[in-house]
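Overview (structure and organization)
Okay, here's what each chain looks like letter by letter:
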Amino acid sequence: MAEETRKIAFICSKGDLDMAYPALVMGWAALGNGIDVTIFFTFWGLDLINKHRVDHLELAPVANTSMKMSMMGIPGNLGIPNLVGVLPGMTALTTKLMKDKMKALGVPPVREYLEMLVDGGAKLYACKMSVDMMGLKKEDFIDGVEDIVTAGDFMDMTEGAQIIFI
Amino acid sequence: MATRTIAGKTVQVNDEGFMTNPAEWTKEIAVELAKEEGIAELTEQHWKVIDFCRQTGLSSGKAPTLRQITTGTGLSTKDLFALFPKGPAKKVARISGLGKPEGCV
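Remember, predicted model here, so these are calculated numbers, not experimental data. Residue positions are counted from 1 within each chain, in the order its sequence is given. The naming scheme follows written order: chains are lettered A onward, ligands numbered 1 onward. At least 70 in pLDDT is required for a residue's local features to be given in this predicted model, at least 80 for side-chain atom pairs to be given and counted, and no such filter applies to totals for whole chains, interfaces and linings, which use all residues. Processing note: side-chain calculations cover all non-hydrogen atoms of the structure and skip hydrogens and water entirely.

Helix and strand assignments follow DSSP, with helices taken as H or I runs no shorter than four residues and strands as E runs no shorter than two, numbered in order from the N terminus. The helix and strand inventory of chain B stands at 5 helices and 2 strands. If you list the helices and strands of chain B from N to C, you get β-β-α-α-α-α-α. For 105 residues, the compact-globule estimate of 2.2 N^0.38 gives 13 Å, and the C-alpha radius of gyration of chain B, at 13 Å, lies within 12% of that figure. Its C-alpha atoms give chain B principal-axis dimensions of about 35 × 30 × 20 Å. Out of the 105 residues in chain B, the part that is buried amounts to 47%. The long-range share in chain B, meaning contacts at least 24 apart out of those at least 6 apart in sequence, stands at 50%. We compute the radius of gyration from the C-alpha atoms alone; for a globule the expected value is 2.2 Å times N to the 0.38, where N is the number of residues. Each residue's exposure class comes from its accessible area (1.4 Å probe, protein chains only) as a fraction of the maximum for that residue type: buried when under 20%, exposed when over 50%, partly exposed otherwise. Any two residues whose heavy atoms approach within 4.5 Å at even a single point are treated as in contact.

Turning to helix α3 (residues 90-104) of chain A, a few remarks are in order. All names here are of chain A. Multiplying one less than the number of residues by 1.5 Å gives the expected span of a helix. Counted at 1.5 Å a residue, the expected span for α3 with its 15 residues is 21 Å, and the 21 Å between its end C-alpha atoms agrees. Within the span of α3, buried status applies to Met-90, Thr-94, Thr-95, Leu-97, Met-98 and Met-102. Down the axis, α3 shows its buried residues gathered within 155° of arc, on one side only. When the buried face of α3 is taken as reference, the exposed residues oriented beyond 90 degrees from it are Lys-103 and Ala-104. Where the residues of α3 are buried, they touch α1 (17-32) and α2 (82-85). Looking one or two places after α3, you find Gly-106, whose phi comes out positive at around 80°. It is the directions from the helix axis to the C-beta atoms that the arc portrays.

Residues and elements named next belong to chain A. Think of a patch as exposed residues, more than 30% relative accessible area, with no salt bridge, where like charges cluster within 9 Å and nonpolar side chains (Val, Leu, Ile, Met, Phe, Trp, Tyr) cluster within 5 Å. Residue-level accessible areas treat just the shown protein chains as cover; the underlying method is Shrake-Rupley with a 1.4 Å probe. Take a side-chain nitrogen of Lys or Arg and a carboxyl oxygen of Asp or Glu: if they are within 4 Å of each other, that pair is a salt bridge. Here the positive residues are Lys and Arg and the negative ones are Asp and Glu; neither His nor the chain ends is included. All charge positions are set by atom: Lys at NZ, Arg at CZ, Asp at CG, Glu at CD. Taken together, Glu-146, Asp-147, Asp-153, Asp-156 and Glu-159 make up a surface patch of like negative charges. For the negative patch, the elements supplying multiple residues, two or more each, are β4 (145-149) and α6 (151-157). With a relative accessible area of 38%, Asp-147 lands in the partly exposed category.

Residues and elements named next belong to chain A. The contact between α1 and α3 brings their axes to 10 Å, and the two run at 30°. The pairing of α1 with α3 is recorded here as roughly parallel in orientation. Facing Leu-17, Asp-18 and Tyr-21 of α1, the residues of α3 in contact are Thr-95, Met-98, Lys-99 and Met-102. Every angle, taken between N-to-C directions, lies between 0 and 180 degrees, and every axis is a line fitted to C-alpha atoms, over only the stretch in contact when it is a helix. Angle categories are assigned with fixed cut-offs, so that under 35 degrees is roughly parallel, over 145 is roughly antiparallel, 65 to 115 is roughly perpendicular, and the rest are oblique.

It is worth spelling out unusual backbone geometry at this point. You will see that Ala63(A), though not glycine, has its phi angle at about 60°, which is positive. The phi dihedral of Lys86(B) falls on the positive side, at around 60°, and the residue is not glycine.

This next bit is on the UniProt feature "active site" (unreviewed entry) in chain B. UniProt positions are given in the numbering used here, feature names are shortened, and annotations may be inferred rather than shown by experiment. With numbering aligned to this structure, UniProt lists the feature "active site" (unreviewed entry) at Cys104(B). With respect to the secondary-structure elements, Cys104(B) resides in the segment after α5 (88-95). Classification of Cys104(B) as exposed rests on a relative accessible area of 53%. Those residues within four positions of Cys104(B) in sequence are excluded, and the remaining contacts are Val25(A), Trp28(A), Tyr113(A) and Thr65(B).

Residues and elements named next belong to chain B. Only protein atoms enter the 1 Å grid, on which a cavity is a set of points fitting a 1.4 Å probe that cannot get out and a pocket is an open set with protein on both sides within 12 Å along at least 5 of 7 lines, lining residues being those with an atom within 4 Å of a point. Grid points are joined across faces, edges and corners, and a volume is the space filled by probe spheres set on the points. Across all of its chains, the model carries 1 cavity of 30 Å³ or more by this definition. Approximately 30 Å³ is the volume attributed to the largest cavity. Lining the largest cavity are Cys-53, Ala-63, Pro-64, Thr-65, Leu-66, Ile-69, Ala-89, Val-92, Ala-93 and Pro-101. At 3 residues, α5 tops the list of elements feeding residues into the lining of the largest cavity. Classification used: nonpolar for Ala, Val, Leu, Ile, Met, Phe, Trp, Tyr, Cys and Pro, charged for Asp, Glu, Lys and Arg, polar for all others including Gly. Here the residues of the lining of the largest cavity sort into 9 nonpolar, 1 polar and no charged.

Moving on: the pattern of salt bridges. All names here are of chain B. One pass over the structure, following the stated rule, counts 11 salt bridges over all chains. Residue Lys-35 pairs with Glu-32 through a salt bridge whose shortest N-O separation is 3.9 Å. On the criterion of helical spacing, the pair formed by Lys-35 and Glu-32 is a turn pair, its members being 3 residues apart in helix α1 (residues 27-36). Judged by its relative accessible area of 46%, Lys-35 is partly exposed. Assessed through its relative accessible area of 31%, Glu-32 is described here as partly exposed. Salt-bridge contacts for Glu-37 lead to Arg-94; the nearest nitrogen and oxygen are separated by 2.5 Å. Of this pair, Glu-37 sits in the loop between α1 and α2 (44-60) while Arg-94 sits in helix α5, and the two are 57 residues apart along the sequence. Both residues of the pair, Glu-37 and Arg-94, count as buried.

Opposite the 12 residues of chain B that make contact, chain A presents 16 residues. Buried area is a sum: the accessible area each of two parts loses on coming together, probed at 1.4 Å, counted once for each and added. Of the roughly 1,200 Å² buried at the junction of chain B and chain A (both faces included), carbon and sulfur atoms supply 59%. The largest contributions to the chain B side of the interface with chain A come from Arg67(B), Phe81(B) and Val105(B), which together make up 43% of the buried area. The tally of links between chain B and chain A comes to 2 salt bridges. Where Asp119(A) meets Lys78(B), a salt bridge forms, and the shortest distance between an N and an O atom there is 4.0 Å. Any N or O atom pair separated by 3.5 Å or less is treated as a polar contact, with the protein-specific requirement of one donor-capable and one acceptor-capable atom, and with residues adjacent in sequence counted only for side-chain atom pairs. The interface formed by chain B and chain A includes 5 residue pairs in polar contact (both at pLDDT 80 or more). Residue assignment for the side of chain B that touches chain A shows that the elements contributing at least two residues are α3 (66-73), α4 (77-83) and α5 of chain B. By residue class, the composition of the side of chain B that touches chain A is 6 nonpolar, 2 polar and 4 charged.

Here's what the structure looks like:
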């Protein structure tokens, strides 16, 4: 019965709204199945735990070939032309679309999702080098972020874990 | 489909040990399954979760997800993970005689 607990670690390196959710969803599923979860936020991924930014994550339509108009209810496989994507307000529009879709599915916003993960036992860490690079401090982060650690620390603390880079 | 006897009653189960017919579930079965999951005693709080899952499971045919449980029962995520340590998603569904939750959140 002394089976070792499975461990999983996510490295979040992107600060876009659409790139925030994979680790949150998979991390939550892992916790629900009794798997240890560690999430390391690096580079733009720090936006997810930056309390000034977490509620303002965006999804840009420019150069995003997956962003189809079917999300707006227009049938077919029409994409948003890049030329249109650069118009003022387009990022706000696509962001709102995604947030609305998420809400309709009952998916919580990123800040609330991170709280759920922490309450469920996930460990959140910020990357030291990125924190230094962006001039951030521990108090810039949401509650629940355990510490600011180096890449080496991360390697030590995730020994035996499956690591997923996002 | 395999069967097994839990708390004196023969029920249908799948390969993963989930009951496949929610109508065969009884409270005594829940107590036994909870023990198998390492929960020695089901408290009032446990029953609150199980009752909610039974209601949702019987009306929608699906086991609720963890978030549906916390919003539906008013329990916090922390409480839920404390009541059913190490993997509440499967444990709750199994004890409630339902299949694995199908939602992702």
